[in-house]
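# Descriptive analysis of the structure
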Amino acid sequence: MKGIILYRSQYGSTEQYARWLAKDMKLPLMKLEQAREQDIQSYGLIIIGSNIKVGHIQAAEWIKEHWGWLKEKRLLLFTCSGSYADAEEQKKMLENSLPAEIKDAFQYFPLPGRLNKDELSFWDRVIVFLGSKTVPDPAARERMKHGFDYVDQEQLAQLREVVKRFKQVLI
Ligand SMILES: Cc1cc2nc3c(=O)[nH]c(=O)nc-3n(C[C@H](O)[C@H](O)[C@H](O)COP(=O)(O)O)c2cc1C
């Protein structure tokens, strides 16, 4: 059996991690929205990468929709966000995005993302602006106000080790 990376990214940070991981681990990668059951059926390990918006893992709807056959696979999930280091916040976002049966089937890796305010669409700028008013943590508020870039290949170290172990078993 083999592994594949499926990713969903709007502004490129999740895609960057997916590409680094694919290159390091010599795994194929595909945009989540293009992945059809017949393309993926032969893979034993599915690694899903997703951006986070307004507390929601953006790949969650796709995961729920395809759960019928995904549940037979070994599953890893990595996300890109601004609050990657806040374990409580990560837990909340995971629970808000996926029902318990599904979230518990994934090994989860929250990674630090990037927010470049110049790149944002008009509505995303509005959402980030309004969101920054309601975030209680002053550091998080500052990050949302000015943007951030924490994307770093080294952040993949833990995930890479897990994938390596799966590859030894599965390939
Ligand atoms: C409209 C919008 C809403 C966001 N909401 C959150 C959020 O609720 N929590 C968080 O930690 N990060 C949030 N972020 C930050 C993104 O998760 C971060 O920029 C991520 O790296 C984007 O991934 P991408 O570059 O693959 O699209 C938000 C970003 C945008 C543009």
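Residues numbered from 1 in each chain as written. Predicted model: local features only at pLDDT ≥ 70, side-chain atom pairs only at ≥ 80, totals over all residues. Heavy atoms only, no water.

## Side note on the site of the ligand
- Close to the ligand lie 22 residues, the nearest being Ser 9, Ser 13, Thr 14, Ser 83 and Arg 114.
- Contact between the ligand and Ile 52: an oxygen atom at 2.7 Å from a main-chain N or O atom of the residue.
- Gly 82 places a polar main-chain atom, nitrogen or oxygen, 3.1 Å from an oxygen atom of the ligand.
- Relative to its unbound accessible area of 640 Å², the ligand is 92% covered by the protein chains.
- Across the shell around the ligand, the residue classes tally to eight nonpolar, 11 polar and three charged. (Near = heavy atom within 4 Å. Polar contact = N/O pair within 3.5 Å; in protein donor to acceptor, adjacent residues only side chain to side chain. Areas by Shrake-Rupley, 256 points an atom, 1.4 Å probe, with all protein chains shown as cover. Nonpolar A, V, L, I, M, F, W, Y, C, P; charged D, E, K, R; others polar.)

## Concerning the side chain of Ser 13
- Note that Ser 13 resides in helix H1 (residues 13–25).
- Each residue touching Ser 13, except ones within four places of it in the same chain, is listed here: Cys 80, Gly 113, Arg 114 and Val 151. (Helix = DSSP H or I, 4+ residues; strand = E, 2+ residues; numbered from the N terminus. Contact = heavy atoms within 4.5 Å.)

## With respect to the packing of aromatic side chains
- Enumeration over the complete set of coordinates arrives at five aromatic pairs.
- Plain terms: the ring middles of Trp 62 and Trp 69 are 6.3 Å apart, the flat faces sit at 90° to each other, and that makes the pair edge-to-face. Here Trp 62 and Trp 69 have matching classes, each one buried.
- Ring centres of Phe 148 and Tyr 150 lie 5.4 Å apart, and the angle between their planes is 15°; this geometry places the pair in the stacked category.
- Under the relative-accessibility criterion, Phe 148 is labelled buried at 12%.
- In this structure Tyr 150 comes out as partly exposed when scored by relative accessible area, which is 31%.
- Sitting above the plane of the Tyr 43 ring, Lys 2 keeps its charged end 4.7 Å from the centroid. (Phe/Tyr/Trp six-rings, centres within 6.5 Å; stacked < 30°, edge-to-face > 60°. Buried < 20%, exposed > 50% of the residue type's maximum accessible area, 1.4 Å probe, protein only. Lys NZ or Arg CZ within 6 Å of the ring centre and 35° of its normal.)

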